[in-house]
Amino acid sequence: AQKVTQAQTEISVVEKEDVTLDCVYETRDTTYYLFWYKQPPSGELVFLIRRNSFDEQNEISGRYSWNFQKSTSSFNFTITASQVVDSAVYFCALMYSGYALNFGKGTSLLVTP
Amino acid sequence: EPEVTQTPSHQVTQMGQEVILRCVPISNHLYFYWYRQILGQKVEFLVSFYNNEISEKSEIFDDQFSVERPDGSNFTLKIRSTKLEDSAMYFCASSDTGLTGELFFGEGSRLTVL
C-alpha cells in the first residue's frame, strides 16, 4: 500500500511554543519523494519542502525543520517559536513511481497569541 | 515569480450541467495535474497529463471527467454532468520534470453544485 498517515488531526499551541507535526508513510518503492504543503485559511496550497528517499539529511529553513527517518518511515515537521501566521492545515504527501501526490489527511494547526 | 493560474475562482452550477475549469500552467512545464479537495477533507489526485495524453488517473476520474490541452497554454478539466458530490475545490498543478520536480499548485477553483 502507498499511503500517508498524519495521526494528529488538530493541534493548538500558544505563540512561541515549538510544535512537531507527525507524518508516517508507507510505500513499496525504493525511489520516492516526500513533501509538506501548507494550506492557510485562504485555501491555496503552499509548497514547503520536497525530500527524495535517498537523502536522509535533516533540513532547516528558518523556523522550520524536517526530520526524515527511513527506519521509521517518518518525515516529521517542526515549527520553532510558532507564530499566529503559522495557523493553517499542513499536509504531508508522498510521490512514488507514478506521477500522483498521495496526500495525508492533514493536521490543522492553531497558534493563539 | 511564475505561477499557475486557474479560472474561475468560484463557480456555482446546477446538478447535471457541464462545467469546464481552466488552468494556465507555468509556461515551460510539461507535466500537468488536477487534484480536488472536498471541504474539510484531504487533497485527492484526479489525473496527470503529459505529452498530450493522460499518464495516470485515479478511480475518482471516471467517464464524467475529461482533460484537454486545447492550445499551447491552457489545461482544462471538464465535468460532463455534475453531481452534488462533485462540489469541491479543484486544484491544477504543473511540474517541469514529473517525478523529480516540484509541483506548483494554482489557487484553486471552488465548484459548488446545487
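In short, a report on the structure. (Residues numbered from 1 in each chain as written. Chains lettered and ligands numbered in written order. Predicted model: local features only at pLDDT ≥ 70, side-chain atom pairs only at ≥ 80, totals over all residues. Heavy atoms only, no water.)

**Focus: the state of the cysteines**
Following the criterion strictly, the structure yields two disulfides over all chains and no others. Between the sulfur of cysteine 23 of chain A and that of cysteine 92 of chain A lies a disulfide, 1.9 Å long from S to S. Judged by the sign of its S-S torsion, about -65°, the bond between cysteine 23 of chain A and cysteine 92 of chain A is left-handed. Separated by 69 residues along the polypeptide, cysteine 23 of chain A in the loop between β3 (19–21) and β4 (24–26) and cysteine 92 of chain A in strand β10 (residues 88–95) bring together distant segments of the chain. Across a sulfur-sulfur distance of 1.9 Å, cysteine 23 of chain B and cysteine 92 of chain B are joined as a disulfide pair. Handedness of the cysteine 23 of chain B-cysteine 92 of chain B disulfide follows from its S-S torsion of about -65°: it is left-handed. (Disulfide = S-S within 2.5 Å. Helix = DSSP H or I, 4+ residues; strand = E, 2+ residues; numbered from the N terminus.)

**With respect to the pairing of strand β7 (residues 65–68) of chain B**
All names here are of chain B. Note that β7 and strand β8 (residues 75–79) share four bridges and pair antiparallel. Bridge assignment links phenylalanine 65 to a residue of β8, and that residue is isoleucine 79. From the end of β7 to the start of β8, which pair antiparallel, there are six residues. (Pairing = 2+ DSSP bridges.)

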